[in-house]
Amino acid sequence: VIASAWGGPVDYLNRECGVLVSPMPRESFAERLANEMVALARAPQRRQALGESARREVERNYSWEAKTLFMQCQYA
């Protein structure tokens, strides 16, 4: 994932599973976002590592099992 380092993405994305691009300065945001896309497209090992880390993060924190366990701990 490549996302803006502002709002919701910051809550769910970290350096181990994606790329956050600062929205400031606004004038160069699109260019910096495009540069990150090109850089990631040229780095298959990095894409693989980010994808594997993202999958672990989702399974650990956002799967139904994880959500159920969280709810049980919160309201038990």
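See above for the structure.
Presented here is an overview of the structure given in this document.

**Thoughts on the overall build of the chain**
From N to C terminus, the chain includes 4 helices and 2 strands. The linear arrangement of helices and strands in the chain, starting from the amino end, is β-α-β-α-α-α. Taking the principal axes of its C-alpha atoms as reference, the chain extends roughly 50 × 30 × 15 Å. Taken across its 76 residues, the chain has 16% of its residues classed as buried. The long-range fraction of contacts in the chain, counting pairs at least 24 apart against all pairs at least 6 apart in sequence, stands at 31%. Carbon together with sulfur atoms contributes 57% to the accessible area of the chain, which is approximately 6,200 Å² in total.

**Quick notes on the environment of L40**
In this structure, L40 sits in helix α2 (residues 29–41). The class of L40 is buried, set by a relative accessible area of 11%. Aside from chain neighbours lying at most four places away, what touches L40 is I2, R46, R47 and L50.

**Examining the packing of aromatic side chains**
For any pair of aromatic rings, the description consists of the separation of the ring centres together with the inter-plane angle of the planes. Tallied over the full model, the rule gives 1 aromatic pair. In this arrangement the basic side chain of K67 is found over the ring face of W64, its NZ or CZ atom lying 5.9 Å from the centre.

Analysis parameters
- Residues numbered from 1 in each chain as written.
- Predicted model: local features only at pLDDT ≥ 70, side-chain atom pairs only at ≥ 80, totals over all residues.
- Heavy atoms only, no water.
- Helix = DSSP H or I, 4+ residues; strand = E, 2+ residues; numbered from the N terminus.
- Buried < 20%, exposed > 50% of the residue type's maximum accessible area, 1.4 Å probe, protein only.
- Contact = heavy atoms within 4.5 Å.
- Areas by Shrake-Rupley, 256 points an atom, 1.4 Å probe, with all protein chains shown as cover.
- Phe/Tyr/Trp six-rings, centres within 6.5 Å; stacked < 30°, edge-to-face > 60°.
- Lys NZ or Arg CZ within 6 Å of the ring centre and 35° of its normal.

This is a description of form; function is not addressed.
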